[in-house]
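Remarks on the overall topology
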Amino acid sequence: GGRAADAIPRLDAVLRLDPRFPFLTQTLADIGLARLVTGDFDEAVRMCERSLAEHRDNVRAWQRLASAKGHLGRRDEAAAALGEVYRLFPDFGPAYVAATYPFRNAADTAMFTDGLRGAGWTG
């Protein structure tokens with residue numbers, strides 16, 4: 001909804017209230033995305049890696065991890081994360097991003113896709 005910074009404390013509250021609830025891996029990946037679009041790339045990486053520790057095949061966590069590492073200039077690690085995205089979802093491309101990441105703000109879309117390009121994405 002264009003308010004990633006507002007989402008972070010709410011998502012953090014979910015973790016405090018029930019750190020083992022059934023959708024933990026998704027919530028961690030969502031915190032990672034919120035941190036990513038607010039420019040906190042190190043914390044985005046940390047949250048995505050926690051998500052992947054819970055569920056190794058969480059493709060959305062891999063997507064966000066690739067973007068965050070792309071922003072950090074960790075090219076080899078970002079490319080490896082992007083490789084996992086393609087392993088899990090070979091059709092990952094601009095149409096998928098547009099359909100599943102309907103950011104309200106163009107700057108948020110750019111933040112996500114610019115990081116992916118830093119990982120080697122050509123979309």
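Notes on the structure follow.

Moving on: the pattern of salt bridges. Oppositely charged side chains may form a pair once their charged atoms are brought near each other. On inspection of all chains with the given rule, the structure shows nine salt bridges. Where E77 meets R74, a salt bridge forms, and the shortest distance between an N and an O atom there is 2.7 Å. Look at R74 and you get partly exposed, because its relative accessible area is 30%. With a shortest N-O distance of 2.8 Å, E84 and R87 are connected by a salt bridge.

A few words on helix α5 (residues 75–88). Within an α-helix, residues lying three or four positions from one another point in the same direction, as the helix has 3.6 residues per turn. With 14 residues, α5 should reach 20 Å at 1.5 Å per residue; the first-to-last C-alpha distance of 20 Å fits that figure. The set of residues buried in α5 consists of A78, A81, L82 and V85. Burial along α5 is one-sided: seen end-on, the buried residues are contained in an arc of 100 degrees. Its buried side turned inward, α5 meets α4 (59–71).

Another point: the packing of aromatic side chains. The final tally for this structure, using the stated rule, is seven aromatic pairs. Here the aromatic rings of Y101 and F103 are separated by 5.9 Å at their centres, their planes lie at 25 degrees, and the arrangement is stacked. Note on Y101: relative accessible area 4%, which makes it buried. In this arrangement the basic side chain of R60 is found over the ring face of Y101, its NZ or CZ atom lying 4.2 Å from the centre.

Rules behind the numbers
Residues numbered from 1 in each chain as written. Predicted model: local features only at pLDDT ≥ 70, side-chain atom pairs only at ≥ 80, totals over all residues. Heavy atoms only, no water. Salt bridge = Lys/Arg side-chain N within 4 Å of Asp/Glu carboxyl O. Buried < 20%, exposed > 50% of the residue type's maximum accessible area, 1.4 Å probe, protein only. Helix = DSSP H or I, 4+ residues; strand = E, 2+ residues; numbered from the N terminus. Expected span 1.5 Å × (residues − 1). Arc of directions from axis to C-beta. Contact = heavy atoms within 4.5 Å. Phe/Tyr/Trp six-rings, centres within 6.5 Å; stacked < 30°, edge-to-face > 60°. Lys NZ or Arg CZ within 6 Å of the ring centre and 35° of its normal.

Just geometry here; none of it tells us what the structure is for.
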